[in-house]
Each structure stands twice: as structure tokens, then as C-alpha cells.
Amino acid sequence: MTSVAQPPPPSTELTVVHVTVADPRVEPLLRELGDEYSSRYGKDANAELARYPDEEFTAPHGGVLLLLLERGEPVAGGAFRRYDETTAELKRIWTHSAHRRRGLARRVVAELEREASARGYRRIYLTTGPRQPEARGLYLVTGYIPLFDTEADPETIGPLPFEKHLTAEADTPRSAGL
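Let me begin by describing the structure that accompanies this report. No experiment lies behind these values; they were computed from the predicted model shown. (Residues numbered from 1 in each chain as written. Predicted model: local features only at pLDDT ≥ 70, side-chain atom pairs only at ≥ 80, totals over all residues. Heavy atoms only, no water.)

### Here we look at the pairing of strand β5 (residues 123-128)
Burial within β5 is extensive, with five of its six residues counted as buried. Once the chain exits strand β4 (residues 87-95) it traverses helix α3 (residues 104-118) before rejoining the sheet at β5, and the crossover so formed is right-handed. Where β5 and strand β7 (residues 160-165) come together, six bridges link them in antiparallel fashion. Residue T127 lies in a different strand from β7, and its bridge partner there is P161. (Buried < 20%, exposed > 50% of the residue type's maximum accessible area, 1.4 Å probe, protein only. Helix = DSSP H or I, 4+ residues; strand = E, 2+ residues; numbered from the N terminus. Right-handed = clockwise from strand over helix to strand, strands pointing away. Pairing = 2+ DSSP bridges.)

Printed below as a string of C-alpha cells:
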């Protein structure tokens, strides 16, 4: 039996860092999200990315922005902001275009849930666009409840809202399998 050489697996050594929007490592996240929004919706995405002040994604304002780094480079990230006293709103979930299909978005969502729970939030709310089936699938597979008719044409709904109630599970240490 001959064996075929397999490429080495991607590094599983990921570091989670909390950053501000001004951190230069956030630039790929903002650039790629802007490109995605513009290509899917045909308009400049700057208004959507600037819709919330950067401060809303900082701890003093009830939010967080985090990146997953691999060998010091950002490969995925996401944020949440205070939606109300008990609810965090997920925003800007991103996986670098060269690192998709590795489960990194799930890891980002799990990290954000853990952070939200640690900060006293008991619910997460989010919306995703009707032309983002990958995001819709991500939220469904990670236990988010759709607050819309899943049988309807997403284009007739507009932003697709989801929610998830946090449990003590979100308080547990990071799982290596995510």
C-alpha cells in the first residue's frame, strides 16, 4: 500500500485577544467585512460598519471586540455590544477569506458567548443579512433561535433576527474542540 503525502494540518494554536477597533490587527476584519457587504448588497458598506460608535465594542460600554490569532496573525474575530441590560448583540463575525471552513466562526461565537455570560448578559441577540446563508447556517447550528419564518424567502424579510439564552455552559472554560 502506498501512502500519499498529506499537507501538514493547519495550526490549532489560536490565541484570543481583546482589541479596540483602532488596533491595526482589526484592519483585515473591517476590510473583508466591507468587501463582503458591498459585493452581496451592492452598496458601500462603510455606513453599516460605522453604524455603531467604536466605543460600543469596549468593556466600559458593555461590549467587546476580539480576534483569534494564529501565529500572531488575525484569522477570525467578532464583537458584541450592549443591546439592553441583559442582552448582548453580536456584530462583525468574521473569518479571514484564506481560513474559512475550519470552524473558526464557531470558535468566535463560543468565545463571545463566554465573554457575554461572564459580563452578566443572559441573552444574545443578532441579525444577519438575507444574502448571508453561511451566517444563517452558523447561527442555526450553534443553537440560535430564528425570530423569523424560516420557510419564507429571506429577501422578503430583511435582516434575519436570532436569539439565544445563555446558560451556565457559557461560563465553562474554553473547549479545545471548538
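### A few points about the nonpolar core
Core analysis: the largest hydrophobic core is formed by 28 residues, its most contacted members being L68, F80, L90, I93, L112, Y139 and Y144. Looking at this core, the elements that each hand over two or more residues are β1 (14-18), β2 (64-70), β3 (73-84), β4, α3, β5, α4 (133-141) and β7. Looking at this core, the element that brings in the most residues is α3, giving six residues. Residues in contact with L90, not counting those within four places in the same chain, are A79, F80, V109, L112, I124, Y125, L126 and Y144. (Core = buried A, V, L, I, M, F, W, Y, C linked by side-chain atoms within 4.5 Å. Contact = heavy atoms within 4.5 Å.)

### Overview of the sheet that holds β3
Read from one edge of the open sheet, seven strands run β1-β2-β3-β4-β5-β7-β6, paired in mixed fashion. A single partner strand is all that each edge strand has here, and the edge strands are β1 and β6 (145-146). The pairing of β2 with β3 spans seven bridges and is classified as antiparallel. Counted as the bridge partner of L68 is A76 from β3.

### Some points on the pattern of salt bridges
For the structure on display, the rule yields 18 salt bridges. E85 is the salt-bridge partner of R82, the closest N and O atoms lying 3.8 Å from each other. Relative accessible area serves as the criterion here: at 34%, R82 is assigned to the partly exposed category. Taking relative accessible area as the criterion, E85 reaches 63% and is therefore assigned exposed. In this structure, R131 engages E155 in a salt bridge whose closest nitrogen and oxygen atoms are separated by 2.8 Å. Here the residue R131 occupies a position in the loop between β5 and α4, and E155 occupies one in the loop between β6 and β7, the gap between them amounting to 24 residues. Under the relative-accessibility criterion, R131 is labelled partly exposed at 37%. You can call E155 partly exposed: its relative accessible area is 42%. Through salt bridges with shared partners, a single ionic network connects E32, E36, R40, R100 and E134. (Salt bridge = Lys/Arg side-chain N within 4 Å of Asp/Glu carboxyl O.)

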